[in-house]
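Chain residues, written in single-letter form:
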Amino acid sequence: MSGKSKSVLVVEDEADLAEVVCYHLEKEGYACRKFNDGGAVLSEVRRSAPDLILLDRMLPRTPGDEVAVRLKRDPRTAHIPIIMLTAKAEETDQLVGFALGADDYISKPFSMKLLLARIAAVLRRREAAEQDGETLSSGPIVLDRSRHEVTVEGTAVQLTATEFRVLAALMQARGRVLDRNQLIDSVLGSGVAVTNRTIDVHIAALRRKLGPAAGWIQTVRGVGYTFREPVENGSPT
């Protein structure tokens, strides 16, 4: 890797696994820090923000789910990508993870080659968003990619990194309908094994956070989603 090393925070209570993961990350040129306690990592992230967090869901004392929620609710840390590592492999578990703000979700056991590829993909997407200074604006919604900021009628709306990319993809499509697979490819990257329902979870969260502007995200039944001015007195379906 060129330039400044990307920093990865590994939050994992299995000491042997954390050691192996950090070993391979450092071989690839990443700077790696290890934590085995969710509560401690919250203070550390606010003190020195990493470029990405690998977060085990099954942590003692402060569970990974709570860590994710608290990080994503804090404007100082909401932009940091999170990849969840967990033994919970059911579809519903993945949907919960994405709903909590995870950018990716990897089930244990996993191959180190897969983990490294997914980390690189998440970081590439973040860098691409940061380098694109385009501001997208429709009706009351303004999305500033360079600042990673969304406002509705001038009021800031706190989105997770994935929700931000979903909204950006829909706004950039400028009224075209995007099916769920297109959204998965543009937001999570091609080849990522998630279900179509993952996108539905993000759409539901976006609508909730956009409040009175939720109607701009519209469902085209049997096809996908689009971003258009809502009809008068209309509501998202």
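Residues numbered from 1 in each chain as written. Predicted model: local features only at pLDDT ≥ 70, side-chain atom pairs only at ≥ 80, totals over all residues. Heavy atoms only, no water.

Peer 1: Please explain the side chain of Glu163 as it appears in this structure.
Peer 2: Take Glu163: it is sitting in helix α6 (residues 161-172). Not counting residues within four places of it along the chain, the set of residues in contact with Glu163 comprises His202, Ala205, Leu206 and Lys209. (Helix = DSSP H or I, 4+ residues; strand = E, 2+ residues; numbered from the N terminus. Contact = heavy atoms within 4.5 Å.)

Peer 1: Just checking my understanding: could you explain the nonpolar core for this structure?
Peer 2: Counting residues in each nonpolar core, the largest one holds 28 residues, and the members touching the most others are Ile141, Leu143, Val150, Leu167, Leu170, Ile217 and Phe227. Contributing elements (two or more residues each) for this core: β7 (141-144), β8 (149-152), α6, α7 (180-187), α8 (197-210) and β12 (224-227). At 7 residues, the largest contribution of residues to this core is made by α6. Apart from residues no more than four positions distant in its own chain, Leu170 is found in contact with Leu178, Leu183, Ile203, Ile217, Tyr225, Thr226 and Phe227. (Core = buried A, V, L, I, M, F, W, Y, C linked by side-chain atoms within 4.5 Å. Buried < 20%, exposed > 50% of the residue type's maximum accessible area, 1.4 Å probe, protein only.)

Peer 1: What is the right way to read the packing of α6 against α8 from this model?
Peer 2: In a pair of packed helices, the angle between the axes and the distance between the axes together describe the arrangement. Where α6 meets α8, the axes come as close as 10 Å, and the angle between the chain directions of the two elements is 85°. Taken together, the axis directions place α6 and α8 in an arrangement best described as roughly perpendicular. Where α6 abuts α8, its residues Thr162, Glu163, Val166, Leu167 and Leu170 lie against His202, Ile203, Ala205, Leu206, Lys209 and Leu210. Along the lines of polarity and charge, the residues of the contact of α6 with α8 split into 7 nonpolar, 2 polar and 2 charged. (Axes fitted to C-alpha atoms, helices over the stretch in contact; angles between N-to-C directions. Parallel < 35°, antiparallel > 145°, perpendicular 65-115°, else oblique. Nonpolar A, V, L, I, M, F, W, Y, C, P; charged D, E, K, R; others polar.)

Peer 1: It is not clear to me how the sheet that holds β8 should be interpreted in this structure. Could you clarify?
Peer 2: What links the strands of a sheet is backbone hydrogen bonding, and the strands pair in either a parallel or an antiparallel sense. Judged by pairing direction, the sheet is antiparallel, and its 4 strands sit side by side in the order β6-β7-β8-β9 without closing on themselves. Single-partner strands in this sheet number two, and they are β6 (135-138) and β9 (155-157). Here the strands of the sheet are splayed against their neighbours by 25° on average, with no regard to which way each runs. Sheet analysis places β8 next to β9, joined by 3 bridges and oriented antiparallel. Residue pairing in the sheet places Val150 in a bridge with Val157 of β9. (Pairing = 2+ DSSP bridges.)

Peer 1: Got a minute to help me understand the state of the cysteines in this structure?
Peer 2: Any covalent bond linking the sulfur atoms of two cysteines counts as a disulfide. A complete count under the given rule lists 1 disulfide for this structure. The partner cysteine of Cys22 in its disulfide is Cys32, sulfur to sulfur 2.0 Å. Between Cys22 and Cys32, the disulfide has an S-S torsion of -50° and is therefore left-handed. One end of the pair, Cys22, is in helix α1 (residues 15-27); the other, Cys32, is in strand β2 (residues 31-35), and 10 residues separate them in sequence. Residues Cys22 and Cys32 agree in their burial class; the two are buried. (Disulfide = S-S within 2.5 Å.)

Peer 1: Before we go on, may I ask you to explain the pairing of β6 in this structure?
Peer 2: Moving residue by residue along a regular strand, the side chains alternate between the two faces of the sheet. On β6, burial follows the alternation: Leu136 and Ser138 on one face are buried, whereas Thr135 and Ser137 on the facing-out side are not. Pairing analysis gives 4 bridges linking β6 to β7, with the strands arranged antiparallel. Bridge pairing in β7 places Ser138 opposite Ile141. Where β6 hands over to β7, the hairpin turn is made up of 2 residues, of which Gly139 adopts a positive phi near 55°.

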